[in-house]
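Geometric and topological summary
Okay, here's what each chain looks like letter by letter:
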Amino acid sequence: MKPDNIVPRDRLIVALDLPGVEAAEAMIGKFGDSVTFYKIGYQLAYAGGLPLVRRLADSGKKVFIDLKLHDIGNTVARGVESVAKLGATFLTVHAYPQTMKAAADARGASNLRLLAVTVLTSYDDADLAAAGYDFTVAELVAERAAQAHDMRIDGLVCSAAEAASLRKLVGHTMTLVTPGIRPAGADSGDQKRIMTPAAAVAAGADYLVVGRPVVDASDPKAAAQAIVAEIADAAQNV
């Protein structure tokens, strides 16, 4: 889907990186209708948060399950089959060929869309070298993106810094979801490859994942609305 076909509010994915379901539901209540898309990752999923996926979906919200599956093919396949029943919109898998193939085969005719994680946004070239890779971040991202495209994966999770080059590589055949988004002046935290919402949109990102700058804000709803406004303004100039 081209970004101009997505309503600006729907392009913001708020990461519910919270310690439990009660805290997550309280945060969702603060956002009201200002947020339509939520991400559930390790922290909340392992604190009993997966049933929240169905409740959010049934209330008209979209959910991104960010568990970055990576295991032997059969294990990945069975996991994808289970997730497909929850009503989620996105699910992440690591961009290894065997993992991606198993996930793509297992999601069947469901509406679940698969996102391949290229290189974590907390990694830089030195981190890849320390892990034994003889690639730069840019080289490995491009290699994995091409493989994901060939394996019928719906989209990529990538740094906004790579969005422009990936958009040239895959065109609009794949959705680009970018974490590591920080409004101007926000703390970068543990992210190394970050970008503002406006810059990410200009680079070609379809969806922006924002966590701490929104959920830790004194007024989370206002923080989310400000990012949506920035997305809308940037989209007009793309």
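Let me sum up the structure you'll find in this document. Bear in mind the structure is a predicted one, so any value in this text is a computation, not a measurement. (Residues numbered from 1 in each chain as written. Predicted model: local features only at pLDDT ≥ 70, side-chain atom pairs only at ≥ 80, totals over all residues. Heavy atoms only, no water.)

**Points about the packing of helix 1 (residues 21-31) against helix 2 (residues 42-58)**
For any two helices packed against each other, one specifies the inter-axial angle together with the distance between the axes. At a closest axis distance of 9 Å, the pairing of helix 1 and helix 2 adopts a crossing angle of 45°. As summarised for this structure, helix 1 and helix 2 are arranged oblique, according to the angle between their axes. Contacts from Val21, Ala24, Glu25 and Ile28 in helix 1 reach Leu44, Ala47, Gly48, Gly49, Leu52, Arg55 and Leu56 in helix 2. The residue inventory of the contact of helix 1 with helix 2, partitioned by class, reads 7 nonpolar, 2 polar and 2 charged. (Axes fitted to C-alpha atoms, helices over the stretch in contact; angles between N-to-C directions. Helix = DSSP H or I, 4+ residues; strand = E, 2+ residues; numbered from the N terminus. Parallel < 35°, antiparallel > 145°, perpendicular 65-115°, else oblique. Contact = heavy atoms within 4.5 Å. Nonpolar A, V, L, I, M, F, W, Y, C, P; charged D, E, K, R; others polar.)

**Things to note about the packing of aromatic side chains**
Following the criterion strictly, the structure yields 6 aromatic pairs and no others. Taking 6.0 Å as the distance between ring centres and 85° as the angle between the ring planes, the aromatic pair formed by Phe64 and Phe90 counts as edge-to-face. Taken as a pair, Phe64 in strand 3 (residues 62-69) and Phe90 in strand 4 (residues 90-94) lie far apart in primary sequence, 26 residues in all. Residue Phe64 is classed as buried on the basis of its relative accessible area of 2%. The exposure class of Phe90 is buried, given its relative accessible area of 0%. A network of ring pairs unites the aromatic residues Phe37, Phe64, Phe90 and Tyr207 as a single cluster. The ring of Tyr42 has Lys68 lying over it, and the distance from NZ or CZ to the ring centre is 5.8 Å. Sitting over the face of the ring of Tyr96, Arg144 holds its NZ or CZ atom 4.6 Å from the ring centroid. (Phe/Tyr/Trp six-rings, centres within 6.5 Å; stacked < 30°, edge-to-face > 60°. Buried < 20%, exposed > 50% of the residue type's maximum accessible area, 1.4 Å probe, protein only. Lys NZ or Arg CZ within 6 Å of the ring centre and 35° of its normal.)

**Considerations on the pattern of salt bridges**
Taken as a whole and assessed by the stated rule, the structure comprises 10 salt bridges. Ionic pairing is found between Lys39 and Asp17, a salt bridge with its closest N-O pair at 3.9 Å. One end of the pair, Lys39, is in strand 2 (residues 37-40); the other, Asp17, is in the loop between strand 1 (12-15) and helix 1, with 22 residues separating them in the sequence. Asp17 sits in the partly exposed class, given a relative accessible area of 37%. A salt bridge links Arg54 to Asp58, with the nearest nitrogen and oxygen atoms 3.4 Å apart. Taken together, the residues Arg54 and Asp58, both in helix 2 and 4 residues apart, mark about one turn of the helix. Judged by relative accessible area, which is 34%, Arg54 ranks as partly exposed. Among the charged side chains, a salt-bridge network with shared partners connects Asp17, Lys39, Asp66 and Lys68. (Salt bridge = Lys/Arg side-chain N within 4 Å of Asp/Glu carboxyl O.)

**Details of the sheet that holds strand 8 (residues 207-210)**
The strand order around the closed barrel built from 8 strands is 1-2-3-4-5-6-7-8, with neighbouring strands paired in parallel fashion. Strand-to-strand twist in this sheet, taken as the mean axis angle between neighbours without regard to direction, amounts to 25°. Across 2 bridges, the pairing between strand 7 (residues 175-178) and strand 8 is parallel. Counterpart to Val177 in the pairing with strand 8 is Tyr207. Contacts between helix 2 and the sheet are confined to strand 2 and strand 3, with strand 3 contributing the most and set at about 145° to the helix. (Pairing = 2+ DSSP bridges.)

**Thoughts on the pairing of strand 3**
Within strand 3, 6 of the 8 residues are buried, leaving the element largely enclosed by the surrounding structure. Relative to strand 4, strand 3 runs parallel, the two being bridged by 3 bridges. By the bridge assignment, Phe64 is partnered in strand 4 with Phe90. Between strand 3 and its parallel partner strand 4, the chain crosses via helix 3 (residues 73-83), and the hand of that crossover is right-handed. (Right-handed = clockwise from strand over helix to strand, strands pointing away.)

**Here we look at the pairing of strand 7**
By the alternation rule, side chains of strand 7 split into Thr175 and Val177 and Leu176 and Thr178, which are all buried. Where strand 6 (residues 155-157) and strand 7 come together, 3 bridges link them in parallel fashion. Residue pairing across strands places Val157 opposite Val177, the latter belonging to strand 7. Considered for its hand, the β-α-β crossover made up of strand 6, helix 7 (residues 160-170) and strand 7 is right-handed.

**So, the packing of helix 1 against helix 10 (residues 220-236)**
Relative to each other, helix 1 and helix 10 sit at 60°, their axes nearing to 8 Å. The orientation of helix 1 relative to helix 10 falls into the category oblique. Crossing of helix 1 against helix 10: the hand is right-handed. Every residue of helix 10 that contacts helix 1 at Met27, Lys30 and Phe31 is listed here: Pro220, Lys221 and Ala224. Here the contact of helix 1 with helix 10 is built from residues that sort into 4 nonpolar, no polar and 2 charged. (Left-handed = near helix turned anticlockwise from the far one by under 90°.)

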